[in-house]
Amino acid sequence: MPILRRALPGFTCGVLCGILLAGGFGSISIGLAVGAVLGTAYGLALPLPTRDAGVPADRAMTAAAFGLPIWGALNVILLPLLAGQMPQWTAKGMRGLFPALVGWLLFGFALGLLTTGAMRLAERLFGVTPAPPEPVSPEVKTRVVILGGGFAGVSTAINLEKEFRDDPSVAFTLVSETNALLFTPMLAEVAASTLEPTHISTPLRSTLHRTRVVRAQVAGIDLENRRVKLSDREETLPYDHLVLALGAVSSLPPGDGIAEHVLEFKTLADAIRIRNHVIDVFDHADAELNPARRRALLTFVVAGGGFSGAELVGALNDFARGMLADYPNLSADDLRIVLVHSRERILPELSASLAHYALERMRARGVTFELNARVSAARPGVAVLQRMELEKTDATKKPKPVQVEIPTETLVWAAGVAPSPLLKELAVERDKRGTVLLENTLAVRGHTGLLGAG
Ligand SMILES: Cc1cc2nc3c(=O)[nH]c(=O)nc-3n(C[C@H](O)[C@H](O)[C@H](O)COP(=O)(O)OP(=O)(O)OC[C@H]3O[C@@H](n4cnc5c(N)ncnc54)[C@H](O)[C@@H]3O)c2cc1C
């Protein structure tokens, strides 16, 4: 009986903790009775226990926080009124009731801690309580499921919420493997430690008000039966309309060690990893006596001169040069920040003059550019470049690309993206890059109720 499984631990813990209320009520039996009622209600209201280590402390603090308003309402106002007195809300009156306040705070804290512990014990002894089925409003006639919590997915949800504000017959669900919307244009600042991760991420649940947010990885899409499969969950999500907004992944060339040795630069976790790695190599370089090794540790190579690579290399350059002030053993001469780009000019998204300006500004600040070059392979401690600047090698004057090795412990990949691999499994029309082809209405060709964005 799920209700009993929740009420019983709450009742028992409430009675035990009720001793702490005895002083405030001037009677043990009233304290125990109030404790029993509040404990039972608390047990029933409590979400199912989770396995996270911080949950008991979190719940104990939350329950303790409830002690203050209950004390105010009951001990300060209600009990004096029932006794035919004025509420005790003068400083003197409240001071007199201070022990009761302490009792309430301790009661809340102990109740939160014990009830969570008791529920976990019950789970261990009798097995996990099955989660109640998702309440589905009988009014819901259309289910819209959005896959992906990036710009496209979240904008879709926000706009649909607005559009169907007065229509409860449409239900929205958004599935995302992260619980926050990431503002990617400022990801470089996180990698370079000028912004904190929270500055560029907005929780999905506080942004979306009518949309059910499911934090999970999409494992597959069953177009025929109109269901979405999730990793690590039994639950599958049925839909009437499905929006594919899964974004892209780094496009890493297979073989030649690139996929194994690069740091990606796509997600918040990637940016944090890069920042920590940079700090790490500085610390190693500080202790390194071999000058060649030290230079390799202080060489940072970014592959890809589009927006994200160019922003990252500029930010890393400032970060690394700024850090030198904290490492008096290290010299700016050992520092090398390299941007490798396969074309003649960086930032193809911008006009030539603007791209040139950006390059000159970064060059003046110490960035080295390897243009007409691409990272062709990587090994531990080495990035291999192929320069397209052609060398005339022999009498036939047949030009050959030049191979250059850069000793480095840091190779970041910002050289292109590919569509989400999940889309490969769908029987839909795609272009040769694998991007799903859409109509002008964002509908996927030939599939009713299937849309794409991003
Ligand atoms: C460093 C960087 C800087 C950029 N700077 C700019 C800029 O200045 N200007 C600009 O216009 N664009 C910029 N972009 C590009 C921009 O971020 C993308 O164009 C945009 O994010 C695409 O939006 P989207 O919603 O399609 O995909 P995304 O924003 O990538 O969102 C996809 C979402 O789907 C989720 N997801 C993916 N697979 C699964 C799965 N299997 N299960 C569950 N969830 C999944 C992801 O976690 C993510 O939340 C930048 C990108 C990067 C990486």
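As the structure is a prediction and not an experimental result, all values here were calculated from the model.

Criteria and thresholds
Throughout this description, residue numbers start from 1 for each chain and increase along the sequence as written. Restriction of local features to residues with pLDDT of at least 70 applies here, the model being predicted, together with a cutoff of 80 or more for giving and counting side-chain atom pairs; totals for whole chains, interfaces and linings are based on all residues. Runs of H or I in DSSP of at least four residues are treated as helices and runs of E of at least two as strands, each being numbered from the N terminus. Values of the radius of gyration come from C-alpha atoms, whereas the globule rule sets the reference at 2.2 Å times the count of residues to the power 0.38. Any residue whose C-beta has 12 or fewer other C-beta atoms within 10 Å is treated as exposed, any with 20 or more as buried, and any in between as partly exposed, C-beta atoms being built from the backbone. With C-beta atoms placed from the backbone, a contact is any residue pair whose C-beta atoms sit within 7 Å. Note on definitions: a residue is near a molecule or strand provided its C-beta atom, placed from the backbone, lies within 6 Å of it. Three categories are distinguished: nonpolar for Ala, Val, Leu, Ile, Met, Phe, Trp, Tyr, Cys and Pro, charged for Asp, Glu, Lys and Arg, and polar for the others, with Gly belonging to the last. Delimitation of the domains relies on an automatic or database domain assignment. Lines fitted to C-alpha atoms define the axes here, with helix axes fitted over just the stretch in contact, and angles between the N-to-C directions of these axes take values from 0 to 180 degrees. By the definition adopted for this analysis, an angle is roughly parallel if under 35 degrees, roughly antiparallel if over 145, roughly perpendicular if from 65 to 115, and oblique otherwise. If you view the pair so one helix is near and one far, a crossing is left-handed when the near helix is turned anticlockwise from the far one by less than a right angle, and right-handed when it is turned clockwise. Here, any two strands with at least 2 DSSP bridges between them count as paired. Each nonpolar core comprises buried Ala, Val, Leu, Ile, Met, Phe, Trp, Tyr and Cys residues, the members being joined through C-beta atoms within 7 Å. Expected span of a helix, by definition, is 1.5 Å for each gap between consecutive residues, and there is one gap fewer than residues. The directions from the helix axis to the C-beta atoms form the arc being described. The definition of a right-handed crossover adopted here requires that, viewed with the strands pointing away, the path from the first strand over the helix to the second runs clockwise. Fitting axes to the seven residues ending at a residue and to the seven starting there, one defines the bend at that residue as the angle between these axes.

A.B. asks: Any details on the overall build of the protein chain? Residues and values, ideally.
C.D. replies: Summing up its helical and strand segments, the protein chain has 14 helices and 20 strands in all. In summary, the protein chain has a C-alpha radius of gyration of 30 Å against a globular reference of 22 Å for 454 residues, an excess of more than 25%. Once the C-alpha set of the protein chain is aligned to its principal axes, its extents read approximately 110 × 65 × 45 Å. The buried share among the 454 residues of the protein chain stands at 33%. Taking as baseline every contact in the protein chain between residues at least 6 positions apart, the subset at least 24 positions apart corresponds to 66%.

A.B. asks: Residue-level account of the site of the ligand, with values.
C.D. replies: Neighbouring the ligand are 26 residues; Gly-148, Gly-150, Ala-152, Gly-247 and Gly-454 lie closest to it. At the level of secondary structure, the elements contributing two or more residues to the shell around the ligand comprise helix H7 (151–163), strand E2 (170–176) and helix H13 (307–323). A breakdown of the residues in the shell around the ligand according to their chemical character gives 12 nonpolar, 12 polar and 2 charged. Three or more residues apiece are contributed to the shell around the ligand by two domains, here domain 2 (142–247 + 420–452) and domain 3 (258–416).

A.B. asks: Lay out the packing of helix H3 (residues 28–45) against helix H6 (residues 98–126) in plain terms, naming residues and giving numbers.
C.D. replies: One way to put it is that H3 packs onto H6 with a least axis distance of 11 Å and a crossing angle of 45°. Considering the angle they form, H3 stands oblique to H6. As for the relative orientation of H3 and H6, their crossing is right-handed in sense. Of the residues in H6, those in contact with Gly-35, Gly-39, Tyr-42 and Gly-43 of H3 are Phe-107, Leu-111 and Thr-115. When the residues that make up the contact of H3 with H6 are grouped by side-chain class, the tally is 3 nonpolar, 4 polar and no charged.

A.B. asks: Would you mind going over the sheet that holds strand E5 (residues 211–215) in detail, with residue names and values included?
C.D. replies: Pairing in this open sheet of 5 strands is parallel, and the strands run E5-E2-E1-E9-E20 from one edge to the other. One side of each edge strand has no neighbouring strand; the edge strands of this open sheet are E5 and strand E20 (450–452). Pairs of neighbouring strands in the sheet enclose a mean axial angle of 20°, with direction left out of account. Two elements, strand E1 (residues 142–147) and strand E9 (residues 241–244), share 4 bridges in a ladder whose sense is parallel. When the bridges of E9 are listed, Leu-147 appears paired with Leu-244. Each of E1, E2, E5 and E9 is contacted by H7, which is oriented at about 165° to E2, the strand it contacts most.

A.B. asks: Account for the sheet that holds strand E7 (residues 227–230), with residues named and values stated.
C.D. replies: Either a parallel or an antiparallel arrangement is found when strands of a sheet pair, and the pairing is made through backbone hydrogen bonds. The 3 strands are arranged E6-E7-E8 in an open sheet whose pairing can be described as antiparallel. Every other strand in the sheet has two partners, leaving strand E6 (218–222) and strand E8 (236–238) as the edge strands with one partner each. Direction aside, the axes of adjacent strands within the sheet are offset by 20° on average. Where E7 lies against E8, 3 bridges are found, and the strand directions are antiparallel. Opposite Lys-229, over in E8, you have Thr-236 as the bridge partner.

A.B. asks: So what's going on with the pairing of E9? Residues and values would help.
C.D. replies: In this structure, E9 lies alongside E20, joined through 3 bridges in parallel fashion. Within E20, the residue paired with Leu-244 across the bridge is Gly-452.

A.B. asks: Describe the nonpolar core, naming the residues involved and giving the relevant values.
C.D. replies: Grouped together as the largest cluster of nonpolar side chains are 48 residues, with contacts concentrated most on Ala-191, Ala-303, Leu-312, Leu-316 and Val-412. By residue number, the principal contributor to this core is H13, which donates 7 residues. Of the domains in this structure, domain 2 (142–247 + 420–452) and domain 3 (258–416) are the two that each give at least three residues to this core. Ignoring any residue separated from it by four or fewer positions in sequence, one finds Val-412 in contact with Val-262, Leu-263, Phe-265, Ile-274, Val-302, Ala-303 and Leu-312.

A.B. asks: So, helix H11 (residues 268–287): which residues are in play, and what are the values?
C.D. replies: If you check H11, its first and last C-alpha atoms are 29 Å apart, about what 20 residues at 1.5 Å a residue would give, namely 28 Å. Among all positions of H11, only Ala-271, Ile-274, Val-278, Val-281 and Ala-285 are buried. Each buried residue of H11 lies within a common arc of 90° when the element is viewed along its axis, so the set occupies one face. When the buried face of H11 is taken as reference, the exposed residues oriented beyond 90 degrees from it are Ala-269, Asn-276, Asp-283 and Ala-287. Buried-residue contacts for H11 involve helix H8 (187–191), strand E11 (263–264), helix H12 (291–297), H13 and strand E18 (410–413).

A.B. asks: An account of the domain arrangement of the protein chain is requested, with residue identities and associated values reported.
C.D. replies: Looking at the protein chain, the domain boundaries give domain 1 (2–126), domain 2 (142–247 + 420–452) and domain 3 (258–416). Each of domain 1 and domain 2 has a C-alpha centre, and these two points are 41 Å apart.

A.B. asks: Let's hear about the packing of helix H4 (residues 55–82) against H6: which residues, and what values?
C.D. replies: One can describe the packing of H4 onto H6 by two numbers: an axis separation of 7 Å at closest approach and a directional angle of 145°. As for how H4 packs across H6, the hand of that crossing is right-handed. Taken together, the residues of H6 that come into contact with H4 (itself represented by Val-55, Pro-56, Arg-59, Ala-60, Thr-62, Ala-63, Ala-64, Phe-66, Gly-67, Ile-70, Trp-71 and Asn-75) are Ala-100, Leu-101, Trp-104, Leu-105, Phe-107, Gly-108, Phe-109, Leu-111, Gly-112, Leu-113, Thr-116 and Gly-117. Broken down by class, the residue content of the contact of H4 with H6 amounts to 16 nonpolar, 7 polar and 1 charged.

A.B. asks: Any details on the pairing of E1? Residues and values, ideally.
C.D. replies: In this structure, E1 lies alongside E2, joined through 6 bridges in parallel fashion. The residue of E2 that forms the bridge with Thr-142 is Val-170. Between E1 and its parallel partner E2, the chain crosses via H7, and the hand of that crossover is right-handed.

A.B. asks: Before we move on, could you go through the environment of Ile-70 and cite the residues and values that matter?
C.D. replies: Assignment of secondary structure puts Ile-70 in helix H4. Counting along the chain gives 35 residues from Ile-70 to Leu-105, while the straight-line C-alpha distance between them is 9.7 Å.

A.B. asks: Just give me the short version of the environment of Ser-251, but keep the residues and values in it.
C.D. replies: Along the chain, Ser-251 falls in the loop between strand E10 (248–250) and helix H10 (258–261). With residues near it in sequence (within four places) discarded, Ser-251 still touches Gly-416, Val-417 and Ala-418.

A.B. asks: Provide a residue-level description of H4, including the pertinent values.
C.D. replies: Taking 1.5 Å of rise per residue, the 28 residues of H4 would be expected to cover 40 Å, and the 38 Å separating its terminal C-alpha atoms lies within 8% of that figure. A bend of about 35° at Trp-71 is the largest found in H4. Along H4, the residues classified as buried are Arg-59, Ala-60, Ala-63, Gly-67, Trp-71 and Asn-75. Packed against the buried residues of H4 are helix H2 (22–25), H3 and H6.

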